[in-house]
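Descriptive structure summary
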Amino acid sequence: MPEPTHGSAPEATCSAALPGGTRPGQIIFLNGTSSSGKSSIARELLRILDEPYFHMPVDAFHAMRSRREVGPEALPLVLRRTWMGFHRAVAGMAAAGNNVVVDHVLSEEWRLLDCLGLFDPRSVVLVGVRCDLDELRRREQARGDRPVGLAARQFRQVHAHGPYDVECDTTTTGAAECALRISSFLARRSFPTVFERLRTKLLPGGYPSAAEG
């Protein structure tokens, strides 16, 4: 194990600060379709926010998977397990006191329910990242690394849950301006959060296991 670098906390001190005595980290939860600009906003947030934040995109988790081809019958379960693991990794980082920027696609209802059961709802700022469908199609074609029609398939469901703490429309607004809007909201955020209200509404009897969802 490498020796701690100059100025870093000793290992014993870090262990003592883990959950039980640490306040959960902030989760800035960016939700929008593919190609809506979430990753660009996340990069800008990491640049301008005063406290340290980690950008955790689900694409990074998909990229960790081996390149072995997965058959069409097995693929849905593999993808679901990837999303479930992603959610739990985010929850673990935040529970240890780390601030996290998540970019997500709530195009299936179970994903939201899973996050509502795992994340400290008072620590989540839910951000709607919207974009005009024609512009999404243009971006999708220009980038060339997404299946054609992916954003259109996600478009109707991704914002179906309703409210947000703060919203951005990247059709005409750049990532830097969106990040500034989110940063400004953090300084004046109110309670209960949208995540708190959604948890009360959608999980009134407690959190069902992911296997039941």
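Cut-offs and rules
- Along each chain, the written sequence defines residue order, and numbers are assigned to residues from 1.
- Where totals are concerned, whole chains, interfaces and linings use all residues; where local detail is concerned, this predicted model gives features only for residues with pLDDT of at least 70, and gives and counts side-chain atom pairs only at 80 or more.
- Heavy atoms from the whole structure form the basis of all side-chain values; hydrogens and water molecules are not counted.
- A helix here means a DSSP run of H or I that spans at least four residues, while a strand means a run of E at least two residues long, and both kinds are numbered starting from the N terminus.
- Exposure is judged per residue with a 1.4 Å probe applied to protein chains only, and the accessible area is read against the type maximum: over 50% gives exposed, under 20% gives buried, and values in between give partly exposed.
- Any pair of residues with heavy atoms lying within 4.5 Å of one another is described as a contacting pair.
- A 1.4 Å probe and the Shrake-Rupley method give the accessible areas. Residues count as covered only by the protein chains that appear here.
- Grid points spaced at 1 Å and placed over the protein atoms alone form the basis of the search, with a cavity being a set where a 1.4 Å probe fits but cannot get out and a pocket an open set showing protein on both sides within 12 Å along at least five of seven lines. Lining residues have an atom within 4 Å of a point.
- Grid points are joined across faces, edges and corners, and a volume is the space filled by probe spheres set on the points.
- Any residue outside Ala, Val, Leu, Ile, Met, Phe, Trp, Tyr, Cys, Pro, Asp, Glu, Lys and Arg is labelled polar, Gly included; the first ten of those are nonpolar and the last four are charged.
- A strand pair is defined by DSSP finding two or more bridges across the two strands.
- The angle between two axes is taken between their N-to-C directions and runs from 0 to 180 degrees, where each axis is a line fitted to C-alpha atoms and a helix contributes only its stretch in contact.
- By convention, a stacked pair of Phe, Tyr or Trp rings (six-membered ring in the case of Trp) has centres within 6.5 Å and planes under 30 degrees apart, an edge-to-face pair has planes over 60 apart, and any other such pair is tilted.

Comments concerning the overall build of the chain
Helix and strand content of the chain: nine helices and five strands. Mapped in sequence order, the helices and strands of the chain form the string α-β-α-β-α-α-β-α-β-α-α-β-α-α. Taking all 213 residues of the chain together, the buried fraction comes to 40%. Of the contacts made within the chain by residues no fewer than 6 positions apart, 81% connect residues no fewer than 24 positions apart. Surface accessibility of the chain: about 12,000 Å² in total, with carbon and sulfur atoms responsible for 54%.

Quick notes on the layout of surface pockets
Reported here for the largest pocket is a volume of approximately 860 Å³. In terms of lining, the largest pocket is formed by 37 residues, of which the most central are S34, V58, D59, R146 and L150. Of all elements in the fold, only α2 (38–48), α3 (58–64), α4 (75–95), β3 (99–104), α6 (133–143) and α7 (150–155) reach the threshold of two or more residues within the lining of the largest pocket. Here the element with the most residues in the lining of the largest pocket is α2; it accounts for five residues. Of the residues in the lining of the largest pocket, the class split is 10 nonpolar, 14 polar and 13 charged. The computed volume of the second largest pocket comes to approximately 390 Å³.

Comments concerning the sheet that holds strand β4 (residues 124–130)
The sheet built from five strands is open, its strands ordered β2-β3-β1-β4-β5 with parallel pairing. Where the open sheet ends on each side, the last strands, each with one partner, are β2 (53–57) and β5 (166–169). Taken over all neighbouring pairs, the strand axes of this sheet differ in orientation by 20 degrees on average, direction set aside. Note: strand β1 (residues 27–31) against β3, five bridges, orientation parallel. What sits directly across from L30, in β3, is D103. Contacts between α4 and the sheet are confined to β1, β2 and β3, with β3 contributing the most and set at about 160 degrees to the helix.

Considerations on the environment of C168
Secondary-structure assignment places C168 in strand β5. In this structure, the C-alpha to C-alpha distance between C168 and V129, residues 39 residues apart in sequence, is 5.1 Å. C168 has contacts with V127, G128, V129, R130, C178, R181 and I182, leaving out every residue within four places of it along the chain.

A word on the packing of aromatic side chains
The final tally for this structure, using the stated rule, is five aromatic pairs. Each ring, one from F29 and one from F195, has its centre 5.7 Å from the other, and the planes form 45 degrees; the classification is tilted. In this pair, F29 is assigned in strand β1 and F195 in helix α9 (residues 194–202), connecting sequence segments 166 residues apart. Side by side, F29 and F195 carry an identical accessibility label, which is buried. Ring plane angle 65 degrees and centroid distance 5.1 Å describe the contact between F61 and F86, whose orientation is recorded as edge-to-face. Here F86 lies in helix α4 and F61 lies in helix α3, a separation of 25 residues in the sequence.

Some remarks on unusual backbone geometry
Across the junction of F191 and P192, the peptide omega takes the value 0 degrees, indicating a cis bond. On the secondary structure map, P192 appears in the loop between α8 (175–186) and α9. Of note in this structure, S35 is not a glycine but carries a positive phi near 70 degrees. Along the chain, S35 falls in the loop between β1 and α2.

Side note on the pairing of β1
Most of β1 sits out of view: five of its five residues are buried. Burial along β1 is two-sided: I27, F29 and N31 and I28 and L30, pointing in opposite directions, are all buried. Pairing of β1 with β4 involves five bridges; the strand directions are parallel. If you follow L30 over to β4, its bridge partner there is V127.

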